[in-house]
Amino acid sequence: MGLKDDGSGDISAEKRQYVTDFGSGEDTLEPAPGDHDLHRALKARHISMIAIGGAIGTGLIIGTGSALAKAGPASILISYSVVGFVVYLVMCGLGEMAAWLPLSSGFTGYAVRFCDPALGFALGWTYWFKYIIVTPNQLTAGALVISYWIDTSRVNAGVWITVFLVLIVTINYFGVRFFGEFEFWLSSFKVIVILGIILLSFILMLGGGPDHDRKGFRYWKDPGAFNTYIDHGPAGRFYAFWATMVSATFAYLGTELVGVTVGEAENPRKSIPKAIKLTFFRIVVFYILSVLLVGTLVPYNSKELIFATNQSSSAAASPFVVAIQLAGIPVLPHILNACILLFVFSAANSDLYIATRTIYGLAKEGKAPKFLSKTDSRGVPVYALILCSCIACIAYMNVSSDSKTVFRYFVDLVTIFGLLTWISLLVTHIYFVRARKAQNVPVTDLAYRAPLGAAGSYVALVFCIIICLTKSYDCFTHNKKWGNFDYKTFITAYLGIPLYLILIFGYKLVTRCKGISPYEADLFTGKDVVDRLEEEYYRREALREESAGKAGWFYRKFVAWLF
């Protein structure tokens, strides 16, 4: 953790001598000029917008198309609402821990301190597995989006993968301050695009398009609000609904990435609670409102929608584009495709950042090779960045059409790793609450408290476990015959679970570690440093506001709350 002066971002001469490494869980002092520590350069607006950026991606813009075709508008509205509530509970639990003690080691540090070192080990590695798989997948998606204009027969997809890879590595190498600023503006653009799509959808619903067709909720009656899947009748409608629960989960994956940024937040006690509180409203506006409106514009049996779901990662696959085409608006699909390209690029950029910081956190905890925790003078974990960048090169597998099937199976692991991350975070929060109560830490001492406490985490935990175990149920019901069991899908869909258990019990077997008692959980090591940094931050802010005077009043009242 870098200690800063009065806002310039440089470290004063006295403070350069030492820095507290509370990622290791001990009050150790070590030389600080960027040898093993991140710099706290992410401001509240960076954290907030990175949280938005993690929640807005191709899963929302494109993934809702296949979900709508499979289950109908009512099913996707219910599933996105339920999973959105679960995600909010996960974020609340994470926010309570991160605001109490922001650790540079991120998720793994909380699990190690409050629950079990083995859980921290498994959580860190499964989260890293997720992002080293999803990063090259985003690079491939970017190349496929460009194929909407330039066919791969004219320009090989490997060219675009190379361009994107070089760009995201460069952005990550320039340091967290540059990364934060870049993602802030890109995420701001995402928000504008999503709000524009929602407004356009509302206008089209009311008949404001070129066709002047006032659709309303017509398609909820004909062809209907619920489609069937695998079977007919109530059972088929339930199968379809549950399939969209999995689609919704995939769309929400990445919302938790704000927990990875706490080690580089300038004032995490302020920025993390703000980001968590706004998560609820973002879920309602960006997800629930979006799927509600698109369900009124496109019937689930539309030929255009069925065709679009076969076009994997371009604007053609988006139900919003289908709605635009049905309304007879020209050119706009190309503009939306360009926006999707920026969405994918932003996702690839933040995914590489998360992968780098996750393996860095594991190295800080002694659960990965130590050299991966080494940083340069700007606080960038360069060796971790090099390793993750090299692994991202598996995106070139998709250059060969024969390899696309294999790589698609890899992508199926992303969802299971994401769900296991949520489960681990919820378990850790439950243990954190137990430890807080056992050690008589008053609620008033918390910078942020989860509204539903441990009870909310228990509810979310049950839902996550059920979804985790049933996420690919259709591999058992293929053609309603057990003889047609889809073993390939089964393996890739559930491989993460035994791997996760092997990591936990293997670590316990090798290290002989034991679970942390609530009375022995380390809630305070490093907290005094964060308290001092917080006081220093508010002193600087008070001086800035005093110097700004009335000039900054408009921004503070009407703009700052959003960021």
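Residues numbered from 1 in each chain as written. Predicted model: local features only at pLDDT ≥ 70, side-chain atom pairs only at ≥ 80, totals over all residues. Heavy atoms only, no water.

### Side note on the overall build of the protein chain
Item 1. A tally of regular secondary structure across the protein chain gives 21 helices and two strands.
Item 2. Looking at the protein chain residue by residue over its 563 residues, the buried ones come to 59%.
Item 3. Counted over contacts in the protein chain with a minimum sequence separation of 6, partners at least 24 positions apart contribute 80%.
Item 4. Just so you have it, the protein chain exposes about 23000 Å², and 65% of that area is on carbon and sulfur atoms. (Helix = DSSP H or I, 4+ residues; strand = E, 2+ residues; numbered from the N terminus. Buried < 20%, exposed > 50% of the residue type's maximum accessible area, 1.4 Å probe, protein only. Contact = heavy atoms within 4.5 Å. Areas by Shrake-Rupley, 256 points an atom, 1.4 Å probe, with all protein chains shown as cover.)

### Things to note about the packing of helix H6 (residues 117-146) against helix H14 (residues 332-364)
Item 1. At a closest axis distance of 8 Å, the pairing of H6 and H14 adopts a crossing angle of 155°. Classed by the angle they form, the pair H6 and H14 counts as roughly antiparallel. The crossing of H6 and H14 is left-handed.
Item 2. The residue makeup of the contact of H6 with H14, split by class, is 21 nonpolar, seven polar and one charged. (Axes fitted to C-alpha atoms, helices over the stretch in contact; angles between N-to-C directions. Parallel < 35°, antiparallel > 145°, perpendicular 65-115°, else oblique. Left-handed = near helix turned anticlockwise from the far one by under 90°. Nonpolar A, V, L, I, M, F, W, Y, C, P; charged D, E, K, R; others polar.)

### Digging into the pattern of salt bridges
Item 1. This structure, assessed with the given rule, holds four salt bridges.
Item 2. The partner of Asp-213 in a salt bridge is Arg-218, and the shortest N-O contact between them spans 2.5 Å.
Item 3. Accessibility expressed as a relative area gives 24% for Asp-213, which makes it partly exposed. (Salt bridge = Lys/Arg side-chain N within 4 Å of Asp/Glu carboxyl O.)

### Some words on the side chain of Thr-126
Item 1. The residue Thr-126 is located in helix H6 in this model.
Item 2. What makes Thr-126 buried here is its relative accessible area of 0%.
Item 3. Looking at Thr-126, its side chain comes within polar contact range of the main-chain oxygen of Ala-122, at 2.8 Å.
Item 4. Excluding residues that lie within four positions of it along the chain, Thr-126 makes contacts with Phe-417, Tyr-500 and Leu-503. (Polar contact = N/O pair within 3.5 Å; in protein donor to acceptor, adjacent residues only side chain to side chain.)

### Focus on unusual backbone geometry
Item 1. Cis geometry marks the peptide bond from Asp-222 to Pro-223, where omega comes out at 15°.
Item 2. Unlike most non-glycine residues, Asn-440 shows phi in positive territory, near 55°.
Item 3. A residue is classified by how much of its surface remains accessible, and Asn-440, at 66% relative accessible area, is exposed.
Item 4. Despite not being glycine, Arg-512 shows a phi value in the positive range, around 60°.

### Some words on the environment of Arg-113
Item 1. Structurally, Arg-113 is set in helix H5 (residues 107-114).
Item 2. According to the relative accessible area criterion, Arg-113 is buried, its value standing at 6%.
Item 3. Distance from Arg-113 to Leu-523, taken between C-alpha atoms, is 7.5 Å for residues 410 residues apart in sequence.

### Structural notes on the confidence of the model for the protein chain
Item 1. For the protein chain, per-residue confidence averages 78 on the pLDDT scale, and 78% of positions sit at 70 or higher.
Item 2. Within the protein chain, strand S2 (residues 29-30) has the poorest average pLDDT of any element, 34, and helix H19 (residues 496-511) the best, 93.
Item 3. Note that pLDDT drops below 50 for residues 1-34; the model gives that stretch 83 contacts with residues more than four away or on any other chain. (pLDDT = per-residue confidence, 0-100.)

### What about the packing of helix H4 (residues 73-100) against helix H17 (residues 453-470)?
Item 1. Two numbers describe how H4 lies on H17: the axes approach to 9 Å, and their chain directions differ by 130°. When the axis of H4 is compared with that of H17, the two are oblique. Along this stretch, H4 crosses H17, giving a crossing that reads as left-handed. In this structure, H4 contributes Val-82, Val-86 and Leu-89 to the contact, and H17 contributes Gly-456, Ala-460, Phe-463 and Cys-464.
Item 2. Classifying every residue of the contact of H4 with H17 by side-chain character gives six nonpolar, one polar and no charged.

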